[in-house]
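# Reading the structure
Here's the letter readout for the chains.
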Amino acid sequence: MKKIIVFGSKFWPDCDPVKEFLSQNNIKHAYLDISEGMFNLKSFLKYRDNRKEFEEIKAKGQVGLPCIVVNDGEKIFFDLPELSELQD
C-alpha cells in the first residue's frame, strides 16, 4: 500500500478539492494542515527546502500547496495526478 501524505492549509482553497477527490476514490491518505502547528509545517518544509520539484514554485514566490507526497518523496504532485499514480 502506498503511503500518501497531503500537505495543505485551510487558507488555500485548492486543498479541499484534493482531499475530496482522494476520499471519493477511496485513496487512503493523511492530511497535514501546515497552518495548524509546527510539526506539520516542519514536515512540509523538509520537502520544500530540499526537493528539486519545488525550485520553480519557490522561484515564482509560491508556497506549493496542495502538495501530495507518495512514499516519503518517491513522487511529489502539486495537482491531482492520474488515479493510477496513487493506487497500488
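You'll find the structure just up there.
Below you will find a few notes about this structure. (Residues numbered from 1 in each chain as written. Predicted model: local features only at pLDDT ≥ 70, side-chain atom pairs only at ≥ 80, totals over all residues. Heavy atoms only, no water.)

## Quick notes on the packing of aromatic side chains
Summed over all chains, the structure comprises 4 aromatic pairs. Ring geometry for Phe-7 and Phe-44: centres 5.5 Å apart, planes at 55 degrees, overall tilted. Taken together, the positions of Phe-7 in strand S1 (residues 4–8) and Phe-44 in helix H2 (residues 38–48) put the pair 37 residues apart, joining distant regions of the chain. Overall, Phe-7 belongs to the buried group, its relative accessible area being 1%. Each ring, one from Phe-54 and one from Phe-78, has its centre 4.9 Å from the other, and the planes form 80 degrees; the classification is edge-to-face. Of this pair, Phe-54 sits in the loop between H2 and helix H3 (55–59) while Phe-78 sits in the segment after strand S4 (75–77), and the two are 24 residues apart along the sequence. By relative accessible area, which is 23% here, Phe-78 ends up partly exposed. Grouping aromatic residues by their ring pairs yields a cluster made of Phe-7, Phe-44, Tyr-47, Phe-54 and Phe-78. Taking the ring centre of Tyr-31 as reference, the NZ or CZ of Lys-19 above it sits at 4.2 Å. (Phe/Tyr/Trp six-rings, centres within 6.5 Å; stacked < 30°, edge-to-face > 60°. Helix = DSSP H or I, 4+ residues; strand = E, 2+ residues; numbered from the N terminus. Buried < 20%, exposed > 50% of the residue type's maximum accessible area, 1.4 Å probe, protein only. Lys NZ or Arg CZ within 6 Å of the ring centre and 35° of its normal.)

## Notes on the side chain of Asn-40
Looking at where Asn-40 falls in the secondary structure, it is placed in helix H2. Judged by relative accessible area, which is 14%, Asn-40 ranks as buried. Engagement of the side chain of Asn-40 in a polar contact is seen with the backbone oxygen of Asp-33, the distance being 3.0 Å. Those residues in contact with Asn-40, other than ones at most four positions away along the chain, are Phe-7, Leu-32, Asp-33 and Ile-34. (Polar contact = N/O pair within 3.5 Å; in protein donor to acceptor, adjacent residues only side chain to side chain. Contact = heavy atoms within 4.5 Å.)

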